[in-house]
Amino acid sequence: GHAADEVLRRKQVKFEVRVQAEESRRCVDSAAERGVPLHKIIKSMVFVCQSRGDEQGSHNYLHCMVPGHCQVSRSKLEAHVGCECSLLDPDRMRSITGADIGAVHPFVPGVSRRILDQRVLANETISFNSGDMKVGLIVKTEDFLDAFEGEITCADIAYCEEDDYTPVAKTFGISLSDAKYLVDRPNALDYFSRCVKEIGDERTNCSTIAKTLDWIRTLVRFASQNNSSIEVVSTSWMKELIMRENTTKYAREQALKAYVVSGTPPSLPQEQQEDQAVISRFVQQTLEKHADVVAKMRQSRPPASREKDKMINFLMGEVMKETAGRLAPKEVRKVIIESLQPSSH
C-alpha cells in the first residue's frame, strides 16, 4: 500500500489519473504524455545527509521535490539542512524506498524528511507518478500539502538555469558559473549588486566587476570560516577596499579578515609607500637569479613589445612570489623597467 494513489485515497484526497501510452523516466516526457506544463511536474530526488556527530550508519534520508524544469541545488540544500548531502545511488534508493529512479513519488516510505521547493507553491495543481511510470496523478497543490499533515517543509532548494542564472549573467556581463556562484550563496547576489552600485557607473567596467567578484569570493570564504554572514562587512567599506589599487592584496585580505572576525571596520591599509630601497633590493636579487631573461631583454635587437611585456610580467611575478605579495605591484613594475634600461655610462 505505498503507491501514491493508495496514499491519497486513504487520506481522502481527490485526484485525477492520467494513464500514459509510454513509460516516462524524464520529466519532459511525463509532461508531454500527461498534457501538463513542465513546471507543474514534481521531480523527486533522495539525498543522504550525514551530519557531523552522527555515529556511522545513522543517516538522514532527505526526499527533495522540485518543479520539473529545475534541479536540486546542492549548496542551497546543504545550507538549509546544515550538513553535507549526496544523491542516493539507484541500489540504495531501491532498498530504502522500494522504488526505482524515475518511479520515486512524493509519498515513498523510508525517508527521514521531505522538503518541497517553494516554487511549487505557485502552481494551483501539480502532477507526479503513482509509483508506476505509466500512471500520472494530478492533484490540487493545497490538497497535496494537506496530505502530508505537516510532515513536509517548504524551502528554496532548487535552481533553474534559464530563470535564475542567465538573467544575472546578462545584467552584469559575467559568466554563467559566476552567476550561479552568486545566486546559490545566501545574500551574495544582493551584496554584489550593492557593491557594484557603490562603485558607481562611471568606474564600473569588466575589470572592476571581475575584481568585485574576486573580493566577494574572499569575503564568503572568511565569513564561512568564521560562521558569520557576509552582511557583517559594510558595502561602502568593501568598495573602498576593492578600489585601493596600490595597496597589496595581502594587506587588504588581512583587513577584511579582521573586519569579519571583529565585526568592526578596521582602518583600510595605507596606500603603499614602500621603502624604495627594499623594492630595489628584491628586484636586483630577482634580476640576478634570472640573468638569462635580462640578457634577452638587453640584446642589441630588443624583443618585440609583447614578448617584452611577458618578460616583465614574469619578473614581476617572481618578485611578488619572493615577497609573498607584500609589495605594491605598480612600484615593483616601475623599478624593474628602470633597472632594465641600458645603463647610460
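Sequence order as written defines the numbering, with residues in each chain counted from 1. The model is predicted, so local features are restricted to residues of pLDDT at least 70 and side-chain atom pairs to those at 80 or more, both for listing and for counting; the totals for chains, interfaces and linings are taken over all residues. In computing side-chain values, all of the structure's heavy atoms are included and hydrogens and water are not.

Enquirer: What am I meant to see in the sheet that holds strand S8 (residues 135–140) here?
Expert: What holds strands together in a sheet is hydrogen bonding between their backbones, with the strands either parallel or antiparallel. A pair of strands counts as paired when DSSP detects no fewer than two bridges linking them. The way it works is that DSSP assigns letters per residue, a run of H or I at least four long becomes a helix, a run of E at least two long becomes a strand, and they are numbered from the N terminus. Strand order in the open sheet formed by three strands is S1-S8-S7, and the pairing between neighbours is antiparallel. Edge positions in the open sheet fall to strand S1 (16–19) and strand S7 (125–129), since each of these has one partner strand only. Direction aside, the axes of adjacent strands within the sheet are offset by 25 degrees on average. Axis geometry follows a simple rule: fit a line to the C-alpha atoms, using only the stretch in contact for helices, then measure angles between N-to-C directions, giving values from 0 to 180 degrees.

Enquirer: Even after reading the chapter, I still don't get the sheet that holds strand S3 (residues 60–67), so can you show me in this structure?
Expert: On the basis of which strands lie adjacent, the open sheet formed by five strands has the order S5-S2-S3-S6-S9 and mixed pairing. Each edge of the sheet is formed by a strand with only one pairing partner; in this case those strands are strand S5 (84–87) and strand S9 (153–155). Across the sheet, the mean angle separating the axes of adjacent strands is 35 degrees when strand polarity is ignored.

Enquirer: Explain the nonpolar core here, please?
Expert: We call a set of buried Ala, Val, Leu, Ile, Met, Phe, Trp, Tyr and Cys residues a nonpolar core when their side-chain atoms join them within 4.5 Å. The classification of residues rests on relative accessible area computed with a 1.4 Å probe and restricted to protein chains. Under 20% of the type maximum is buried, over 50% is exposed, and intermediate values are partly exposed. Core analysis: the largest hydrophobic core is formed by 34 residues, its most contacted members being Val-233, Met-238 and Leu-256. Of all the elements, helix H9 (residues 206–225) adds the most residues to this core, at eight residues. Every residue in contact with Met-238, bar those within four places of it in the chain, is listed here: Tyr-191, Cys-195, Trp-215, Ile-216, Leu-219, Val-233 and Leu-256. In this structure, Leu-287, Met-320, Leu-327 and Ile-336 belong to the second largest nonpolar core, which totals 19 residues. It only takes one pair of heavy atoms within 4.5 Å for two residues to be counted as in contact.

Enquirer: I keep staring at the environment of Glu-142 and nothing clicks. Help me out?
Expert: Inspection of the secondary structure assignment puts Glu-142 in helix H5 (residues 141–147). Spatially, the C-alpha atoms of Glu-142 and Asn-123 are 9.5 Å apart, while their sequence positions differ by 19 residues.

Enquirer: How do you make sense of the environment of Thr-166 when you look at a structure like this?
Expert: Inspection of the secondary structure assignment puts Thr-166 in helix H6 (residues 161–172). The spacing of Thr-166 and Ser-177 is 11 residues in sequence and 9.8 Å in space, taken between C-alpha atoms. Ignoring sequence-local partners within four residues, the contact set of Thr-166 consists of Glu-161 and Leu-176.

Enquirer: Would you mind showing me how to read the packing of aromatic side chains here?
Expert: Think of a pair of aromatic rings as described by two things: how far the centres are apart, and how the planes are tilted against each other in angle. Stacked, edge-to-face and tilted are the three classes for Phe, Tyr and Trp ring pairs, Trp counted by its six-membered ring, which pair at centre distances within 6.5 Å; planes under 30 degrees apart are stacked, over 60 edge-to-face, the rest tilted. Inspection of the entire model under this criterion finds eight aromatic pairs. Relative to Phe-128, the ring of Phe-107 has its centre 6.2 Å away and its plane inclined at 65 degrees; by these criteria the two rings are edge-to-face. With Phe-107 in the loop between helix H4 (90–97) and strand S6 (113–117) and Phe-128 in strand S7, the pair connects residues that are 21 residues apart, well separated along the chain. Ring centres of Trp-237 and Tyr-259 lie 4.9 Å apart, and the angle between their planes is 90 degrees; on these two criteria the pair is classed as edge-to-face. One end of the pair, Trp-237, is in helix H10 (residues 235–243); the other, Tyr-259, is in helix H11 (residues 249–262), and 22 residues separate them in sequence. Since its relative accessible area comes to 8%, Trp-237 is described here as buried. Relative accessible area serves as the criterion here: at 4%, Tyr-259 is assigned to the buried category. In this structure an aromatic cluster arises from ring pairing among Phe-107, Phe-128, Phe-144 and Phe-148. Stacked on the ring of Trp-215, the Lys or Arg Lys-249 has its end atom at 5.8 Å from the ring centre. Two thresholds decide whether a charge sits over a ring: the Lys NZ or Arg CZ must be within 6 Å of the ring centre and within 35 degrees of the ring normal. Its end group placed over the ring of Phe-282, Arg-281 keeps NZ or CZ at 5.3 Å from the ring centre.

Enquirer: Would you mind going over H9 with me for this structure?
Expert: Note: α-helices contain 3.6 residues per turn, so residues at a spacing of three or four share the same orientation. In a regular helix each residue adds 1.5 Å, so 20 residues correspond to 28 Å; H9 covers 29 Å between its end C-alpha atoms and thus fits that length. Every buried residue belonging to H9 is among Thr-208, Ile-209, Thr-212, Leu-213, Trp-215, Ile-216, Thr-218, Leu-219, Val-220, Phe-222 and Ala-223, and all of these are buried. Asn-227, located one to two residues past H9, shows a positive phi value of around 50 degrees. Here the expected span of a helix is defined as 1.5 Å times the quantity of residues minus one.

Worth remembering: the numbers are spatial, not functional.
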